[in-house]
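Structure assessment
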Amino acid sequence: MPLSFFWKEVLFLKQNQEKNTIEIRKSTMTCVVCLCVVLAVGTGVGLFRNYQTQKTYGELSQLAAVVEDVYYEEVDTDAAMDGAKKGYVDGLDDPYSQYMTEEEFTSYQTSEAGQSVEIGITVSWNEEGTLQVESVKMDSSAEKAGILVEDQIIAVDGVDTATLGYADAVSAVQGEEGTDVTLTIQRDDTQFDLELTRESVEVITAQGQMLDGQIGYIRISAFKENTPEQFQEIFDQLISDGTVALVFDLRDNGGGQVSSLEAILDSLLPEGEIAIATYRDGSTKTLVESDAEECDLPMAVIVNENTASAAELFSASLHDFEKAEIVGTTTFGKGIMQVTQQLADGGALTLTTATYQTTRGEYYHGVGITPDVVVEAGETAVDYENPDASTDPQLEQALEILKAES
């Protein structure tokens, strides 16, 4: 090899090494700059959030200080803080988001479990400012104590109901299981006190029966933790008795737990993804899914303007998967989901976290679901425990549809 050629090769390699070194240094510098930008942005966002948090707490602290100094009575700081928490969430202007105190959260959990702590009566509010007894449950604490329909409750634990107002009077009657409450009763011209013990009672949210033509009727009033168990018992009995079609009555059903809804739909719909939730960042998550077992009977769903939330999703799912026709009037139109989380103070926060819809249908929040067959309610109030098509045009129409299909 000529010496001149050798030196040219060495020079070429040296130049390439220098060039590569320069390129590597440029690349390294670029990465460092990008990393610094990312860190700066991240730090900026973190600092901004910290600033916002400090600003919020600072303003609240200033407000509390003024109240402590100026208010004319001793301040109940715990009650004031609960009010502040409620006010903060109220500021979201979302009717479905709320802060609950520890006591309110305990009551909420009892309700969601499908339980009710009560004495066994339903009441109405009259112009005299008293609670009028409308019904008394069999074997309840109220029946055992001798309370009768049309009795007037004029005081609860010595406090006049007129002073309490309707909501607080009802709340005063309720309470913790096993505790006592004293009711002052007005019956005709007689006034007397009764002491009753509050009891935990299972709330029936799914019930049904066989109607003419072997059509099974299932009424679902809410979706609680125990609703699927109640539903399954009725569903299995109707199938065993030879039902040829099913009508689901979800009028005046304000919704409830999606997990309860999913458990019920699972036995009715085919395998696959039924409904999805969409979050503010655009991501989606399966909300309801079903296994391969499904019901092939003709179905219909009855709804009205008070059918909302999970009840709407139930109706939309059966409809969009071509399992049922919807009868009645346009539904409420709630297609957003809430999540409840317990906080360190024992209370809880319920926040709207996502929108939802079926995988085959359209988003109906704020619009409602228009039935396949629009039928207005009859003049007679619906008796859900004793369905009667002769006085219920919406039920009558649903039955006609099912009789034609079965």
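The structure presented is a predicted model; accordingly, all values stated were derived computationally and were not measured. (Residues numbered from 1 in each chain as written. Predicted model: local features only at pLDDT ≥ 70, side-chain atom pairs only at ≥ 80, totals over all residues. Heavy atoms only, no water.)

1. Here's the deal with the sheet that holds strand β11 (residues 215–220)
If you trace the six strands from one edge of the open sheet to the other, you get β10-β11-β12-β15-β16-β19, paired in mixed fashion. Each edge of the sheet is formed by a strand with only one pairing partner; in this case those strands are β10 (206–211) and β19 (373–374). Bridge analysis of β11 against strand β12 (residues 245–249) gives five bridges, and the strand direction is parallel. The residue bridging Ile-215 from the neighbouring strand is Ala-245, located in β12. (Pairing = 2+ DSSP bridges. Helix = DSSP H or I, 4+ residues; strand = E, 2+ residues; numbered from the N terminus.)

2. Quick word on the nonpolar core
Grouped together as the largest cluster of nonpolar side chains are 40 residues, with contacts concentrated most on Phe-248, Phe-314 and Leu-318. At six residues, helix α9 (residues 310–320) tops the list of elements feeding residues into this core. With residues near it in sequence (within four places) discarded, Phe-248 still touches Ile-218, Phe-231, Leu-268, Met-299, Ala-300, Val-301, Ile-302, Phe-314 and Leu-318. (Core = buried A, V, L, I, M, F, W, Y, C linked by side-chain atoms within 4.5 Å. Buried < 20%, exposed > 50% of the residue type's maximum accessible area, 1.4 Å probe, protein only. Contact = heavy atoms within 4.5 Å.)

3. Considerations on unusual backbone geometry
With phi around 80°, Glu-150 is a residue other than glycine that occupies positive phi space. In this structure, Glu-150 sits in the loop between α4 (141–145) and β5 (152–156). Even without being a glycine, Ser-309 presents a positive backbone phi close to 55°. Locating Ser-309 in the fold gives a position in the loop between β15 (299–303) and α9.

4. Comments concerning the pairing of β5
For β5, a buried count of five out of five residues is recorded, marking the element as mostly surrounded by other parts of the structure. In terms of strand pairing, strand β4 (residues 131–136) meets β5 through two bridges, oriented antiparallel. For Leu-131, the partnering residue across the bridge sits in β5 and is Ile-153. Of the strand pairs in this sheet, β5 and strand β7 (residues 180–187) are connected by four bridges, and their pairing is antiparallel. Residue Ile-153 lies in a different strand from β7, and its bridge partner there is Ile-185. Pairing of β5 with strand β6 (residues 159–160), which is carried by two bridges, proceeds in the antiparallel orientation. By the bridge assignment for β6, Val-156 is matched with Val-159. What sits between the antiparallel neighbours β5 and β6 is a turn of two residues, in which Asp-157 has the positive phi angle 50°.

5. Comments concerning the side chain of Lys-224
With respect to the helices and strands, Lys-224 occurs in the loop between β11 and α7 (227–240). Note on Lys-224: relative accessible area 15%, which makes it buried. Apart from the residues within four sequence positions on either side, Lys-224 is in contact with Ser-111, Glu-112, Gly-114, Thr-205, Gln-257 and Ser-260.

6. Considerations on a negative patch on the surface
A grouping of Glu-202, Glu-229, Glu-233 and Asp-236 is seen on the molecular surface, where their side chains present a negatively charged patch. It is α7 that provides the largest number of residues to the negative patch, a total of three residues. Tracing the backbone shows Asp-236 in helix α7. The class of Asp-236 is partly exposed, set by a relative accessible area of 41%. (Patch = residues over 30% accessible without salt bridge, like charges linked within 9 Å, V, L, I, M, F, W, Y side chains within 5 Å. Areas by Shrake-Rupley, 256 points an atom, 1.4 Å probe, with all protein chains shown as cover. Salt bridge = Lys/Arg side-chain N within 4 Å of Asp/Glu carboxyl O. Lys, Arg positive; Asp, Glu negative; His and termini not counted. Charge placed at Lys NZ, Arg CZ, Asp CG, Glu CD.)

7. So, the packing of aromatic side chains
Under the defined criterion, the tally for this structure stands at seven aromatic pairs. With a centroid separation of 6.0 Å and an interplanar angle of 40°, the aromatic rings of Phe-223 and Phe-314 are classed as tilted. Placement of Phe-223 in the loop between β11 and α7 and of Phe-314 in helix α9 is noted, with a sequence separation of 91 residues between them. The exposure class of Phe-223 is buried, given its relative accessible area of 0%. Classification of Phe-314 by relative accessible area gives buried; the value is 0%. Connected via pairs of aromatic rings, a cluster forms that spans Phe-223, Phe-231, Phe-235, Phe-248 and Phe-314. Here the guanidinium or amino end of Arg-219 rests over the ring plane of Tyr-384, the centre of that ring lying 3.6 Å away. (Phe/Tyr/Trp six-rings, centres within 6.5 Å; stacked < 30°, edge-to-face > 60°. Lys NZ or Arg CZ within 6 Å of the ring centre and 35° of its normal.)

8. Here we look at a nonpolar patch on the surface
Residues Leu-60, Leu-63, Val-67, Tyr-71, Tyr-72 and Met-81 make up a contiguous nonpolar surface patch of about 600 Å² in total accessible area. Counting residues per element, the nonpolar patch draws most heavily on helix α1 (residues 3–70), which supplies three residues. Structurally, Val-67 is set in helix α1. On the accessibility criterion, Val-67 (33% relative accessible area) is partly exposed.

9. A few points about the pattern of salt bridges
Going through the model one piece at a time under the given rule, you end up with ten salt bridges. Asp-151 is the partner of Arg-187 in a salt bridge, and the nearest nitrogen-oxygen pair spans 2.8 Å. Within this pair, whereas Arg-187 is found in strand β7, its partner Asp-151 is found in the loop between α4 and β5, the two being separated by 36 residues in sequence. What makes Asp-151 buried here is its relative accessible area of 2%. Of the charged contacts in the structure, one is a salt bridge between Lys-323 and Asp-296, with a shortest N-O distance of 3.4 Å. A residue pair is termed long-range when its members are at least 10 positions apart, and Lys-323 in the loop between α9 and β16 (324–328) and Asp-296 in the loop between β14 (284–290) and β15 qualify at 27 residues. We classify Lys-323 as buried; its relative accessible area is 14%. Among the residues examined, Asp-296 registers a relative accessible area of 65% and is labelled exposed. Connected through shared salt-bridge partners, Arg-219, Asp-249, Arg-251 and Asp-392 make up one network.

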